[in-house]
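Report on the structure
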Amino acid sequence: MTETSESPKKVKAGEKVGPGKYVCIDCGREIHIDEVDKDLAKCPSCACEIYNCFPMTHMRPDIKTPEDAKHPPERKK
Ligand SMILES: [Zn+2]
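Residues numbered from 1 in each chain as written. Predicted model: local features only at pLDDT ≥ 70, side-chain atom pairs only at ≥ 80, totals over all residues.

A few points about the overall build of the protein chain
Within the protein chain one finds one helix and four strands. Overall, the protein chain shows an N-to-C arrangement of helices and strands of β-β-β-β-α. A buried classification covers 8% of the 77 residues belonging to the protein chain. A sequence separation of at least 24 residues applies to 52% of the contacts in the protein chain between residues at least 6 apart. (Helix = DSSP H or I, 4+ residues; strand = E, 2+ residues; numbered from the N terminus. Buried ≥ 20, exposed ≤ 12 C-beta atoms within 10 Å, placed from the backbone. Contact = placed C-beta atoms within 7 Å.)

Below you can see the structure in the form of structure tokens.
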């Protein structure tokens, strides 16, 4: 089995997945989730339940949690 660190994690509908982008492995439909406790729903296009997971990676370095992303801490001078 060859598993690289670049291959996206797979997640299943019904899980609490956290903020990020989720791409249906079947039809490629993208689902964006920006809430912490939102359940991932089945794909609206094909009802597939498996998604490739692309967590948010463009956060500022001083933002470590999804809560911080919603309420960014003020930058220190
Ligand atoms: Zn789909």
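Re the pairing of strand E2 (residues 20-24)
Two strands pair when backbone bridges link them, and E2 and strand E3 (residues 30-33) are joined in this way by four bridges, in the antiparallel orientation. Looking across to E3, one finds that Tyr22 is bridged to Ile31. In this antiparallel pair of consecutive strands, E2 and E3, the connection spans five residues, and Gly28 shows a positive phi of 80 degrees. Pairing geometry for E2 and strand E4 (residues 50-55), over five bridges, is antiparallel. By the bridge assignment, Tyr22 is partnered in E4 with Cys53. (Pairing = 2+ DSSP bridges.)

As for the sheet that holds strand E1 (residues 9-12)
If you walk across this open sheet you meet the four strands as E1-E4-E2-E3, and the pairing is antiparallel. Both edges of this open sheet fall to E1 and E3, since each of them pairs with a single strand only. Averaged over all pairs of adjacent strands, the angle between their axes in this sheet comes to 35 degrees, without regard to strand direction. (Axes fitted to C-alpha atoms, helices over the stretch in contact; angles between N-to-C directions.)

Notes on the nonpolar core
Counting six residues, the largest nonpolar core is built from Val17, Tyr22, Cys24, Leu40, Cys43 and Tyr51. In contact with Leu40, other than residues within four places in its own chain, are Val11, Ala13, Gly14, Glu15, Val17, Tyr22, Ile33 and Tyr51. (Core = buried A, V, L, I, M, F, W, Y, C linked by C-beta atoms within 7 Å.)

Quick notes on unusual backbone geometry
Despite not being glycine, Ala47 has its phi angle at roughly 65 degrees, a positive value. In this fold, Ala47 is placed in the loop between E3 and E4.

Things to note about the environment of Glu49
Inspection of the secondary structure puts Glu49 in the loop between E3 and E4. For the pair Glu49 and Ala13, spaced 36 residues apart in sequence, the C-alpha to C-alpha distance is 4.8 Å.

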